[in-house]
Amino acid sequence: MSMEEVQSTLLQAGEQLSEGSVSARDAWRAVHNTRAIVAAADRGLDKADLWLVTLETVQGHIGTIVHTGSSKLMAVDEKFTAVADDSKNPTVQTVRQQTDIAQGHLDGYTQVAGANIPETLLAVKEDIDFIREHLAAIRTLGAEMLGILSVAERTLQVVSLSAQNAALATRDYLIDIS
Amino acid sequence: MAVEDIRTELGEVVKEYKLIGTILRGSVHRLRVLKHVSGRLESGARSIRPASVDRAAAEMAQEAFRAGEPIGMGAFLLRSVIDPDETDNTNAQSACTFATNAERFMDGTATGDGFKMPEVLSTVARYATEIHEHTDAILGRIEAMNGRMGALQQALGEVASGPVATAERSVLAYRNQL
């Protein structure tokens, strides 16, 4: 290989290494941005967890309401029967029947509007648990991702610096042999 | 029991039915609140939804690939004209050492904190995909939960306005009959 060819090759090598150094720096920035996005998603998770707690609380309240409604219906039925013992009276029959129907709906023995109230309420609780599990999985993945991204950040810094130093040393060598 | 006493008792029973109706309608209102909270959760989940993380991970991988290409080429060109074991020139030796270091980090021969760069990139991409899948699962479940809450809302509303209201009216009618 002639001296000119060696010089030309070294010049190209220096340019490539210099370009690589800049690109590694860009990659470092991209990694840095990714970390910021993942960290922001983590803050979103905190908010989502709070909303879930609210959902669970209100779901619990509705469960209590349904249970209370059923108990009260039973109590009021007893109270009514105590004073309206004329079971042949059609109005009395209507009250008893409607109370039974309402209680059947609230206890889940019969469906209303195509829904079984206690089962649907339980399904909502399962929805909340499902969402919580998946949010937890996202949180774990996000934390691991942040760790790996910080490794990538550190490595790319080293790469950028090494490529830059290689480019500088190549140029110095070119001067040495010129 | 005197008729007036029975009428008083039945008046109390009417109040009880009215209260049960109010309680059940209260749960319908709570479900409306719950759906609002679920809407907030959904928008929270969408903000976690890492479309942006996906994009950032892809950009990061592209940038790293861009950095790896010229660094590899630069190191290759250097080695084609310099044998670091044979040369006495320290600049030539440094150029080869730095270029090889950078190259080894980028192709995964050398590791940063035990992680190889290509593995880091594919792991980040995999995590981004997994997070995406979890978010999709959450959004799908929120939609199903909203449907269930709508059904509950309708069911509880119908119990309040149907059998409970009918029972209340019938007790009042019976009281008036006395």
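Analysis parameters
Within any chain, residue numbers begin from 1 and follow the written order of that chain's sequence. Chains and ligands are labelled sequentially in the order written, the chains with letters from A and the ligands with numbers from 1. Residues qualify for local features only when their pLDDT is at least 70, as the model is predicted, and side-chain atom pairs are given and counted only at 80 or more; totals for whole chains, interfaces and linings, by contrast, use all residues. Segments assigned H or I by DSSP are reported as helices when at least four residues long, segments assigned E as strands when at least two residues long, and all are numbered from the N terminus. Here the radius of gyration uses the C-alpha set of atoms, whereas the globule reference equals 2.2 Å times the residue count to the power 0.38. In this scheme every C-beta is placed from the backbone, and a residue whose C-beta has 20 or more other C-beta atoms within 10 Å is buried, one with 12 or fewer is exposed, and one in between is partly exposed. We call two residues in contact when their backbone-placed C-beta atoms lie within 7 Å. One less than the residue count of a helix, multiplied by 1.5 Å, gives the span that helix is expected to have. Fitting one axis to the seven residues ending at a residue and another to the seven starting there, the bend at that residue is the angle between the two axes. Think of each axis as a best-fit line through the C-alpha atoms, taken over the contacting stretch in the case of a helix, with angles from 0 to 180 degrees between the N-to-C directions. Between 65 and 115 degrees an angle is taken as roughly perpendicular, under 35 as roughly parallel, over 145 as roughly antiparallel, and anywhere else as oblique. In a left-handed crossing the near helix is turned counterclockwise from the far helix by less than a right angle, and in a right-handed crossing that turn is clockwise. Following the grouping adopted for this structure description, the nonpolar residues are Ala, Val, Leu, Ile, Met, Phe, Trp, Tyr, Cys and Pro, the charged ones are Asp, Glu, Lys and Arg, and the polar ones are all others, Gly among them.

Caption draft 1: Structural view of the overall build of chain A. Looking only at helices and strands, chain A has three helices and zero strands in total. Secondary structure elements in chain A, listed N-terminal to C-terminal, are α-α-α. Against the globule reference of 16 Å for 178 residues, chain A gives a C-alpha radius of gyration of 36 Å, more extended than a compact globule. Oriented by its inertia axes, the alpha-carbon framework of chain A measures out at about 120 × 25 × 15 Å. Burial analysis of chain A (178 residues in total) assigns 39% to the buried set. Here the analysis covers contacts within chain A between residues at least 6 apart in sequence; of these, 84% occur between residues at least 24 apart.

Caption draft 2: Examining the overall build of chain B more closely. In terms of regular secondary structure, chain B is built from four helices and zero strands. Counted from the first residue to the last, chain B has its helices and strands arranged as α-α-α-α. Its C-alpha radius of gyration of 36 Å places chain B more than 25% over the 16 Å reference for a compact globule of 178 residues. Oriented by its inertia axes, the alpha-carbon framework of chain B measures out at about 125 × 20 × 15 Å. By the burial criterion, 42% of the 178 residues in chain B qualify as buried. The long-range fraction of contacts in chain B, counting pairs at least 24 apart against all pairs at least 6 apart in sequence, stands at 79%.

Caption draft 3: Region of the structure containing helix α4 (residues 117-177) of chain B. Compared with an ideal rise of 1.5 Å per residue, which puts 61 residues at 90 Å, α4(B) spans 88 Å between its outermost C-alpha atoms and is within 8% of the ideal. Of all bends in α4(B), the biggest is about 35°, found at A165(B).

Caption draft 4: Geometry of the packing of helix α1 (residues 3-83) of chain A against helix α2 (residues 90-107) of chain A. All names here are of chain A. Following both chains from N to C, one finds α1 and α2 inclined at 160°, their axes separated by 9 Å at the closest point. One way to sum up the angle between α1 and α2 is to call them roughly antiparallel. As for how α1 packs across α2, the hand of that crossing is left-handed. Judged by residue contacts, V66, G69, S70, L73, M74, D77 and F80 of α1 engage V95, T99, A102, Q103, L106 and D107 from α2.

Caption draft 5: Summary view of unusual backbone geometry. All names here are of chain A. With a phi angle near 50°, A113 is a residue other than glycine that sits in the positive phi range. Structurally, A113 can be placed in the loop between α2 and α3 (117-177). Residue A113 is classed as partly exposed on the basis of its 17 C-beta neighbours within 10 Å.

Caption draft 6: Focus on the environment of V14(B). With respect to the secondary-structure elements, V14(B) resides in helix α1 (residues 3-48). Between the alpha carbons of V14(B) and A165(B) there is a distance of 9.7 Å; along the sequence they are 151 residues apart.

Caption draft 7: Representation of the interface of chain B and chain A. Contact with chain B, which involves 90 residues of that partner, is made by 91 residues of chain A. The biggest single contributor to the side of chain B that touches chain A is α4(B), with 33 residues. When the residues that make up the side of chain B that touches chain A are grouped by side-chain class, the tally is 58 nonpolar, 20 polar and 12 charged.

Caption draft 8: Just the packing of α1(A) against α3(A), in detail. All names here are of chain A. Viewed as axis vectors pointing N to C, α1 and α3 meet at an angle of 165°, and their least axial separation amounts to 6 Å. If you check the angle between α1 and α3, you find them roughly antiparallel. Relative to α3, α1 is oriented so that their crossing is left-handed.

Caption draft 9: Spotlight on the environment of V28(B). Residue and element names in this part refer to chain B. By the secondary structure assignment, V28 is in helix α1. It is 9.5 Å that separates the C-alpha atoms of V28 and A160, two residues lying 132 residues apart in sequence. Apart from the residues within four sequence positions on either side, V28 is in contact with Q153, L156 and G157.

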